[in-house]
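A closer look at the structure
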Amino acid sequence: MSAAAAKTTIASRSARAAAWTAGSRVLARLFQLASSLVLTRLLVPQDFGLMAQAAVLLQMLQLISDLGVQTALVQLPRGHNRRYLNAAFALSILRSAGLFCICLLMAAPFAAFYDEDRLHALISLLAISILLQGFENPAYALLIKNLAARKQARFETAVAGATVALTVGFTLYERSVWALALGSLSGVLLRVLGTHLLIPVRFRLRAIDPAVLRRLLAACGHLLVNTLITWLALNLDVLAIGRILSMSELGLYNIGRNLALSGELLLVPIIARSYFPAAAALAREHAEGIRSPECLALYRQNALLFAGGGALVQLGLALVAVDLIQLLYPGAYLEAAGVVALLALRGVLRTISVLQSGMLFAASRTAYETLAMLLSQLVLAPGRLHFPSDRGG
């Protein structure tokens with residue numbers, strides 16, 4: 001196959017992957033929106049605040065220890081090899097078991113810090129999800145590597161729909177934050193089981209190749225630093241608000257935050273599942289790497305598409321924030337409109353940041369990616385520390 005034909009094939013597969021990912025993410029967000037409309041009429045803001053605060057701790061533990069193994073499987077030329085998959089599965093299980101224990105140890109002091117006793121039991125229950133996630137099939141990353149977004153989109157849409165249905169069902173039976181926790185756990189379990197049914201692989205944990213394990217860890221590079229920076233920038237607001245204001249106000253903030261991030265949560269996975277694997281494939285095929293005309297053309301096309309699309313979506317959300325909250329939620333959630341307007345505006349910069357990072361990691365330039373991530377998140381983070389409260393000032 002000629003270079004031009006290969007480029008056309010990769011570009012067309014990337015476009016199809018983007019379309020399928022976009023469709024699945026839109027459906028997932030619609031499921032979540034429908035769930036939110038029902039749950040806000042069954043629960044009180046304090047329940048959402050408690051769930052948001054517990055989720056922050058779990059996300060922190062997961063992200064600051066994220067080795068980026070699945071991303072490395074996509075980037076590595078031999079990431080599909082059974083020995084790499086065995087090593088990735090072993091690392092995932094060990095990491096999740098360690099995080100589960102750490103989460104149980106941190107539950108009590110975390111609850112004491114926020115002076116909320118229920119957080120202890122809630123975090124302990126949700127910690128089970130961390131343990132379960134360690135058993136997710138690492139071969140699932142090969143769907144991204146091969147730009148097989150159709151199968152992936154159908155699977156994730158089914159899991160999202162089932163998770164929402166289970167959460168609403170639990171809430172109708174038990175109107176408390178525990179229903180949200182059980183719904184979340186059910187979704188994780190469904191996803192883990194589904195990945196093994198979707199791509200059956202027989203793992204041999206006793207046959208781990210130390211040399212492969214070292215190469216896999218080396219490929220992860222600076223991803224641990226990157227995820228820590230990202231987590232701090234994207235969750236510093238929730239940590240601060242949970243400490244300064246009440247759980248009810250944090251619940252209001254989280255409702256607005258989730259709505260404001262709709263566009264961002266749509267675009268970022270599209271980049272990760274269409275642009276990144278395509279850029280990695282092109283970088284491997286050309287001696288110039290990301291400096292090849294093909295890679296640069298792919299970057300320019302996607303930058304224009306995602307930056308332009310992101311700007312339209314996020315600005316639209318900011319403009320109609322008040323009307324959206326009034327239309328979708330009870331009057332008690334009206335203050336969340338200010339959060340939507342503020343946070344929606346940062347989605348464009350976040351999208352460009354992810355696009356740039358994807359290009360650098362596709363070419364194994366992880367050090368440059370870390371620097372770019374640090375600079376971009378330092379710019380994005382300050383915009384997240386505002387909350388319209390009726391407390392003085």
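Residues numbered from 1 in each chain as written. Predicted model: local features only at pLDDT ≥ 70, side-chain atom pairs only at ≥ 80, totals over all residues. Heavy atoms only, no water.

Of regular secondary structure, the chain possesses 17 helices and zero strands. Considering only contacts in the chain between residues 6 or more positions apart, those separated by 24 or more positions represent 84%. Carbon and sulfur atoms provide 67% of the accessible area of the chain, an area that totals close to 17600 Å². (Helix = DSSP H or I, 4+ residues; strand = E, 2+ residues; numbered from the N terminus. Contact = heavy atoms within 4.5 Å. Areas by Shrake-Rupley, 256 points an atom, 1.4 Å probe, with all protein chains shown as cover.)

Attention shifts here to the packing of aromatic side chains. For the structure on display, the rule yields four aromatic pairs. Ring geometry for Phe89 versus Phe203: centroids 4.3 Å apart, planes at 25 degrees, classification stacked. On the criterion of sequence distance, the pair formed by Phe89 in helix α4 (residues 82–113) and Phe203 in the loop between α8 (177–198) and α9 (210–220) is long-range, its members being 114 residues apart. Through successive ring pairs, a cluster of aromatic residues spans Phe110, Phe113 and Tyr114. (Phe/Tyr/Trp six-rings, centres within 6.5 Å; stacked < 30°, edge-to-face > 60°.)

Here we take up the nonpolar core. Among soluble globular proteins, nonpolar side chains are generally buried collectively. Ranked by size, the top nonpolar core spans 46 residues in total, and within it Leu119 and Ile123 carry the most contacts. Of all the secondary structure elements, the ones that give two or more residues to this core are α2 (45–64), α4, α5 (118–133), α8, α11 (247–260), α13 (293–319), α14 (321–328) and α15 (336–344). It is α2 that contributes the most residues to this core, eight residues altogether. Not counting the four nearest positions on each side in its chain, Leu119 is found in contact with Leu50, Gln53, Ala54, Phe110, Ala111, Tyr114 and Met247. One finds Leu76, Tyr140, Phe203 and Leu216 within the second-largest nonpolar core, a separate group that totals 25 residues. (Core = buried A, V, L, I, M, F, W, Y, C linked by side-chain atoms within 4.5 Å. Buried < 20%, exposed > 50% of the residue type's maximum accessible area, 1.4 Å probe, protein only.)

Turning to the pattern of salt bridges, a few remarks are in order. According to the stated counting rule, one finds three salt bridges in the structure shown. With its nearest N and O atoms 3.3 Å apart, the salt bridge here joins Arg118 to Glu116. Notably, a salt bridge pairs Arg191 with Glu156, separated by 3.5 Å at the nearest N-O pair. Taken together, the residues Arg191 in helix α8 and Glu156 in helix α7 (residues 149–173) connect sequence positions 35 residues apart. (Salt bridge = Lys/Arg side-chain N within 4 Å of Asp/Glu carboxyl O.)

Averaged over the chain, the pLDDT score is 76; the fraction of residues at 70 or greater is 74%. At the level of individual helices and strands, the chain shows its lowest average pLDDT in helix α17 (residues 366–380), which scores 60, and its highest in α8, which scores 92. With pLDDT under 50 throughout, residues 383–393 is counted as low confidence; its partners more than four residues away or in other chains account for 31 contacts. (pLDDT = per-residue confidence, 0-100.)

What follows concerns α5. The end-to-end C-alpha separation of α5 is 24 Å, in line with the 22 Å expected for 16 residues at 1.5 Å each. Of all the residues in α5, the buried ones are Leu119, Leu122, Ile123, Leu126, Ala127, Ser129 and Ile130. (Expected span 1.5 Å × (residues − 1).)

The subject of this paragraph is a nonpolar patch on the surface. On the surface, a nonpolar cluster with roughly 240 Å² of combined accessible area is contributed by Val26, Leu27 and Leu30. With respect to the helices and strands, the residue Leu27 is situated in helix α1 (residues 3–39). The exposure class of Leu27 is partly exposed, given its relative accessible area of 38%. (Patch = residues over 30% accessible without salt bridge, like charges linked within 9 Å, V, L, I, M, F, W, Y side chains within 5 Å.)

With that settled, the discussion passes to the packing of α11 against α15. Packed helices, taken two at a time, are described by the angle between their axes plus the distance between the axes. Remark: α11 packs on α15, axes separated minimally by 8 Å, with the N-to-C direction vectors making an angle of 40 degrees. It follows that α11 is oblique to α15 by the angle criterion. Crossing hand, α11 versus α15: right-handed. Of the residues in α15, those touching α11 at Leu252, Tyr253, Ile255, Gly256, Arg257, Leu259 and Ala260 are Ala336, Val339, Val340, Leu343 and Ala344. Of the residues that constitute the contact of α11 with α15, the class distribution is ten nonpolar, one polar and one charged. (Axes fitted to C-alpha atoms, helices over the stretch in contact; angles between N-to-C directions. Parallel < 35°, antiparallel > 145°, perpendicular 65-115°, else oblique. Left-handed = near helix turned anticlockwise from the far one by under 90°. Nonpolar A, V, L, I, M, F, W, Y, C, P; charged D, E, K, R; others polar.)

What follows covers unusual backbone geometry. Residue Asp115 is not a glycine yet carries a positive backbone phi of 55 degrees. Mapped onto the elements of the fold, Asp115 is located in the loop between α4 and α5.

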